[in-house]
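If you want the building blocks of each chain, they are given just below.
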Amino acid sequence: MPTSQDMTTELDPGLLDALQHQVAVFARRAEQTRLGGTGQLRNSMDRAAYLLLNRLDQEGPMGVKALAAGMGIDSSTVTRQVAPLVDTGLVKRTSHPEDGRAVVLQLSPRGLARLEEVRSSRRQLMAEVTEGWTEAERASFCTLLTRFNTALSARQSGHGGPAAGPAGNESLPAS
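Residue positions are given per chain, counting from 1 as you read along its sequence in written order. Only residues with pLDDT of 70 or above have their local features reported here, since the model is predicted, and side-chain atom pairs are shown and tallied only from 80 upward, although totals for entire chains, interfaces and linings are computed over all residues. As a convention, hydrogens and water are excluded, and side-chain values are obtained from all of the structure's heavy atoms.

Caption draft 1: Expanded view of the overall build of the protein. Each helix and strand in the protein was counted, giving seven helices and two strands. Each helix is a run of DSSP H or I of at least 4 residues and each strand a run of E of at least 2, with the numbering of both proceeding from the N terminus. Reading the secondary structure of the protein in the N-to-C direction produces α-α-α-α-α-β-β-α-α. Burial analysis of the protein (175 residues in total) assigns 25% to the buried set. Note on contacts: a residue pair is in contact if any heavy atoms of the two residues lie within 4.5 Å. In the protein, once contacts between residues fewer than 6 apart in sequence are set aside, the share between residues at least 24 apart is 52%. Here the protein displays about 11700 Å² of accessible surface, and carbon together with sulfur accounts for 58% of that area. The buried label applies to any residue whose accessible area, calculated with a 1.4 Å probe on protein chains only, is under 20% of its type's maximum; exposed applies above 50%, and partly exposed to all values in between. Here the Shrake-Rupley method, with its probe set to 1.4 Å, supplies the accessible areas, and only the displayed protein chains count as covering residues.

Here you go:
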């Protein structure tokens, strides 16, 4: 079984350099724009907030530990990131239905409306950025980017190895 080092030396170093450079450029551009979508600045949203709101929307109310585990981050990080979302009314803290002592985080109606606004704006941005691409090219790019993110997630969580599946810690936003 070849080691990770063996596999790297078998691959084209120039292509790997180009790939890492393009990933770095993408990360910088995404952070600069916060992938805010089109229109006014109000359509942008912090990456952490977007991912938290999206997960609560897709998976429903859950506790901090479950949210942290699903996102592959520490509970204290989730607690810190959720605080401003609660303060601004995007997320509600409620009691767990079976254990009143436990706290459950839930997307508020205001949070859902804000998330939909951002999603719509980002959808428009994706349409503009990929204008001239075929649907097959968009689908292929999405598949490969999902595969890339899944592999990074697996590596970060210690599961190592290449990941070929479509699932990752960051689920795709609903359209």
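Caption draft 2: Representation of the packing of aromatic side chains in the model. Here a Phe, Tyr or Trp ring, Trp counted by its six-membered ring, pairs with any other such ring whose centre lies within 6.5 Å, and the pair is stacked when the planes are under 30 degrees apart, edge-to-face when over 60, and tilted otherwise. In this structure the tally under the stated criterion is one aromatic pair. Ring plane angle 90° and centroid distance 5.5 Å describe the contact between tryptophan 133 and phenylalanine 141, whose orientation is recorded as edge-to-face. The partly exposed category is assigned to phenylalanine 141, whose relative accessible area is 43%.

Caption draft 3: Geometry of the nonpolar core. We call a set of buried residues a nonpolar core when its members are Ala, Val, Leu, Ile, Met, Phe, Trp, Tyr or Cys and they connect through side-chain atoms within 4.5 Å of each other. Formed by 19 residues in total, the largest nonpolar core has its most connected members in Leu52, Leu53, Leu56, Leu67, Val82, Leu85 and Val91. The greatest single-element share of this core, amounting to five residues, is contributed by helix H3 (residues 47-59). What valine 82 contacts, discounting residues up to four positions off in sequence, is Leu52, Leu67, Val91 and Leu105.

Caption draft 4: Representation of the packing of helix H4 (residues 64-71) against helix H5 (residues 75-87) in the model. Lines fitted to C-alpha atoms define the axes, with helix axes restricted to the stretch in contact, and inter-axis angles between N-to-C directions lie between 0 and 180 degrees. It is at 8 Å that the axes of H4 and H5 come closest, and there the two elements cross at 105°. Looking at the two axes, H4 sits roughly perpendicular to H5. Side by side, H4 and H5 meet where Val64, Lys65, Leu67 and Ala68 of the first sit next to Ser75, Val78, Thr79 and Val82 of the second. An angle counts as roughly parallel when it lies under 35 degrees, as roughly antiparallel when it exceeds 145, as roughly perpendicular when it falls between 65 and 115, and as oblique in every other case.

Caption draft 5: Broad picture of the pattern of salt bridges. Salt bridges are defined by distance alone: a side-chain nitrogen of Lys or Arg within 4 Å of a carboxyl oxygen of Asp or Glu. Applying the stated criterion to the full structure yields five salt bridges. Residue arginine 55 is joined to glutamate 59 by a salt bridge in which the shortest nitrogen-to-oxygen separation is 2.5 Å. A residue pair is termed a helical-turn pair when its members lie 3 or 4 positions apart in one helix, as arginine 55 and glutamate 59 do in helix H3 at four residues. The exposure class of arginine 55 is buried, given its relative accessible area of 6%. Across the pair arginine 119 and glutamate 116 runs a salt bridge whose closest N-O atoms are separated by 2.8 Å. Taken together, the residues arginine 119 and glutamate 116, both in helix H6 (residues 109-129) and three residues apart, mark about one turn of the helix. Assessed through its relative accessible area of 34%, glutamate 116 is described here as partly exposed. Through salt bridges with shared partners, a single network forms among Asp57, Glu116 and Arg119.

Caption draft 6: Examining a nonpolar patch on the surface more closely. Note on patches: the residues involved have over 30% relative accessible area and no salt bridge, like charges join within 9 Å, and the nonpolar side chains Val, Leu, Ile, Met, Phe, Trp and Tyr join within 5 Å. There is a patch of nonpolar side chains on the surface, built from Leu11, Leu16, Leu19, Val23, Phe148 and Leu152 and spanning about 460 Å² of accessible area. Mapped by element, the contributors of at least two residues to the nonpolar patch are helix H2 (13-33) and helix H7 (135-156). Turning to its location among the elements, phenylalanine 148 is positioned in helix H7.

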